[in-house]
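Structural overview
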Amino acid sequence: MIECAVHWSPPLPAEPRFLALLDDVEQGRYAGYRQDIDKRRFLTGRVLAKTVAAGRLGMAVEDVAFDATCEDCGKPHGRPRVPGAALMLSISHSGELIGVAATAGTPVGLDVETDTRRADDSLIEYALSPVEREAVSGLLAEQRTAAFFTYWTRKEAVMKATGKGLKIPLQSITFSGHDEEARLVSSGDAALDPARTRLVDLKAVEGYRAAVALLTADEISVTETFATL
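Residues numbered from 1 in each chain as written. Predicted model: local features only at pLDDT ≥ 70, side-chain atom pairs only at ≥ 80, totals over all residues. Heavy atoms only, no water.

A word on the packing of helix 5 (residues 130–137) against helix 6 (residues 141–162)
At a closest axis distance of 9 Å, the pairing of helix 5 and helix 6 adopts a crossing angle of 155°. Taken together, the axis directions place helix 5 and helix 6 in an arrangement best described as roughly antiparallel. Residues Glu132, Ala135 and Val136 of helix 5 form the contact with helix 6, whose own contacting residues are Arg144, Ala147, Tyr151 and Lys155. Residues belonging to the contact of helix 5 with helix 6 are distributed by class as follows: four nonpolar, no polar and three charged. (Axes fitted to C-alpha atoms, helices over the stretch in contact; angles between N-to-C directions. Helix = DSSP H or I, 4+ residues; strand = E, 2+ residues; numbered from the N terminus. Parallel < 35°, antiparallel > 145°, perpendicular 65-115°, else oblique. Contact = heavy atoms within 4.5 Å. Nonpolar A, V, L, I, M, F, W, Y, C, P; charged D, E, K, R; others polar.)

Right, dumping it as structure tokens:
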């Protein structure tokens with residue numbers, strides 16, 4: 001059984017005690033955001049991830065240093081990791097909710113979305129496979145939006161787990177029904193094997209939809225907690 005812990009937090013205030021946990025590169029990224037909420041989401045994601053890493057690795061949080069170098073372009077916007085540690089992390093945020101998923105080395109992807117967004121026809125056409133489009137086609141508008149973002153968070157989660165992001169066409173992957181237990185049914189990309197992909201639709205909080213994916217053939221156990229930072 002592979003364990004995955006998901007930790008949630010609202011945006012933290014930009015207080016010195018939190019800002020001090022950002023290294024020089026992270027300080028630069030923080031300063032690069034124009035909107036206050038974007039700054040706070042980034043800050044919270046890093047502080048929450050470092051707090052989780054410190055607890056799992058037996059370190060002081062101020063001693064946790066991430067390497068977030070992108071494998072494709074070399075810029076510091078890749079998956080945060082602690083060099084040499086058997087720890088995998090995934091950060092996601094939307095609205096007033098930030099989440100971090102952690103495993104002991106199993107590739108993991110987390111996605112969360114507010115349920116205030118709308119799913120128009122062009123977005124459905126862009127993101128869903130033919131089977132999934134058929135599944136939402138007869139639903140009323142509100143139900144269709146809920147179903148769409150169930151699929152959307154699953155897709156974002158598995159793509160984050162692979163580290164390939166949108167290089168995997170969204171339409172090339174098909175999941176079980178939006179009202180069924182999350183499962184990858186088929187994939188047109190070799191990076192995603194249904195036999196080695198596990199998913200869970202998360203509870204998160206009211207007003208949000210979320211999913212977590214692990215790349216493993218083993219069964220998984222997922223817990224959700226709200227952090228106190």
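Quick look at the packing of aromatic side chains
One pass over the full model with this rule turns up three aromatic pairs. Centroid distance Tyr33 to Phe42: 5.7 Å. Interplanar angle 40°. Geometry classified as tilted. Residue class for Tyr33 comes out partly exposed when judged on its relative accessible area of 29%. Where Phe148 meets Trp152, the ring centres are 5.7 Å apart and the plane angle is 35°; that geometry is what we call tilted. Of this pair, Phe148 and Trp152 both sit in helix 6, four residues apart, which is roughly one turn of that helix. The class of Phe148 is buried, set by a relative accessible area of 0%. Every member of this aromatic cluster is reached through a ring pair, and the members are Phe148, Phe149 and Trp152. Geometry around Tyr30 places Lys39 over its ring, the cationic atom sitting 4.9 Å from the centre. (Phe/Tyr/Trp six-rings, centres within 6.5 Å; stacked < 30°, edge-to-face > 60°. Buried < 20%, exposed > 50% of the residue type's maximum accessible area, 1.4 Å probe, protein only. Lys NZ or Arg CZ within 6 Å of the ring centre and 35° of its normal.)

Brief notes about the pairing of strand 1 (residues 2–9)
Along strand 1, seven of the eight residues are buried, which leaves the element largely enclosed by surrounding structure. Strand direction decides the pairing type here: strand 1 and strand 3 (residues 97–103), joined by five bridges, are antiparallel. Within strand 3, the residue paired with Ser9 across the bridge is Ile98. (Pairing = 2+ DSSP bridges.)

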